[in-house]
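Overview (structure and organization)
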Amino acid sequence: MTPANSAYPYKRKIYFINKNFQSDFIIRFCVLAGLGAVLAMGLVYWLAMNSTTVAIRNGHVGVHTTAEYLLPLMFQTVSLEVIIGTIATIALTMIISFRIAGPLYRLKMMFKDLGTGNLSTQMHLRSDDQLKDIAQAYNDAIHTLNIKIKSLKDISSMDEMKRELDHFKTS
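Numbering of residues starts from 1 in every chain and runs along the sequence as written. Thresholds applied to this predicted model are a pLDDT of at least 70 for local features of residues and 80 or more for the giving and counting of side-chain atom pairs; totals over whole chains, interfaces and linings are not thresholded and use all residues. Side-chain measures were taken over the full set of non-hydrogen atoms in the model, leaving aside hydrogen atoms and water.

Considering the overall build of the chain
Worth spelling out the cut-off: Starting at the N terminus, helices and strands are each numbered in turn, a helix being any DSSP run of H or I of at least four residues and a strand any DSSP run of E of at least two. When accessible area is computed with a 1.4 Å probe and restricted to protein chains, residues below 20% of their type maximum are described as buried, those above 50% as exposed, and intermediate ones as partly exposed. We call two residues contacting when some pair of their heavy atoms lies within 4.5 Å.
Counting secondary structure elements, the chain contains five helices and two strands. Along its sequence from the N terminus, the chain presents helices and strands in the succession α-α-β-β-α-α-α. Buried residues in the chain amount to 23% of all 171 residues. Put simply, of all contacts in the chain between residues at least 6 apart along the chain, 46% involve residues at least 24 apart.

Written as structure tokens, this is what we have:
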């Protein structure tokens, strides 16, 4: 590990932490947005069926229902909206999930480290991360455990050690 990475051993180098969650979210959001757009287009079409529009196309005058006149325009607009919405959804999902999944990933790795008995790590998050309170609670718990273990190491008799260990709550 390089010195720059030793301060943050669980720093992510990838953007997709939980690929299934992120891709499912993107797909569901885009499908929902697409369905909303189609529903809106259908509503406008239905409301415009009872009116007529006079249109001049290529020098020809035509009388059509407003719905028939608007349908191609609505289809183009909705298609463009869905494409732009999909791109924006992918970008925003990546940015937001990066900000959420990154700290969760680090917390998960810290707990795995804790499970192996490593009590020397501290969790460091950016100052604007939402999980900084959890990181601080984790760091406080590690600090408290280190103090208790140090006091256990200093105990000379087994009876004293048993009394100290009785203070720990276990399942």
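Digging into the packing of helix 2 (residues 19–47) against helix 3 (residues 66–115)
Which entries qualify depends on this criterion: All axes are obtained by fitting lines to C-alpha atoms, using only the stretch in contact for helices, and the reported angles, taken between N-to-C directions, cover 0 to 180 degrees. In what follows, roughly perpendicular refers to angles from 65 to 115 degrees, roughly parallel to angles under 35, roughly antiparallel to angles over 145, and oblique to any angle outside these ranges. By definition, any crossing whose near helix is turned counterclockwise from its far helix by less than a right angle is left-handed, and any crossing with a clockwise turn is right-handed. Here the nonpolar group is Ala, Val, Leu, Ile, Met, Phe, Trp, Tyr, Cys and Pro; Asp, Glu, Lys and Arg are the charged ones; every other residue, Gly included, is treated as polar.
The interhelical angle for the contact between helix 2 and helix 3, taken along N-to-C directions, is 160°, at an axis separation of 9 Å. Judged by the inter-axis angle, helix 2 sits roughly antiparallel to helix 3. Pair helix 2 / helix 3 crosses with right-handed handedness. Considered class by class, the residues forming the contact of helix 2 with helix 3 number 16 nonpolar, six polar and two charged.

Comments concerning unusual backbone geometry
For N58, which is not a glycine, the phi torsion comes out positive at approximately 50°. Examined against the element boundaries, N58 turns out to sit in the loop between strand 1 (52–57) and strand 2 (60–65).

Notes on helix 3
Note the following rule: Throughout, the bend at a residue refers to the angle made by two axes, fitted to the seven residues ending there and to the seven starting there.
The axis of helix 3 is deflected most strongly, by about 30°, at F98. Residue G117 follows helix 3 closely and has a positive phi angle near 100°.

Looking at the environment of K162
Residue placement: K162 occurs in helix 5 (residues 158–165). With ten residues separating them in the primary sequence, K162 and L152 have C-alpha atoms 9.5 Å apart.

Overview of the pairing of strand 2
Rules: One requirement defines pairing of two strands: DSSP has to find at least two bridges between them.
Bridge analysis of strand 1 against strand 2 gives six bridges, and the strand direction is antiparallel. Within strand 2, the residue paired with R57 across the bridge is H60. In textbook terms, the turn of a hairpin is the stretch between consecutive antiparallel strands, and for strand 1 and strand 2 this stretch comprises two residues, one of which, N58, has a positive phi near 50°.

A few points about the environment of M161
Counting through the fold element by element, M161 comes out in helix 5. A relative accessible area of 27% places M161 in the partly exposed class. Non-local contacts of M161, meaning those with residues more than four positions away in its chain, are made with L152 and I155.

Purely spatial values, then, with no claim about function.
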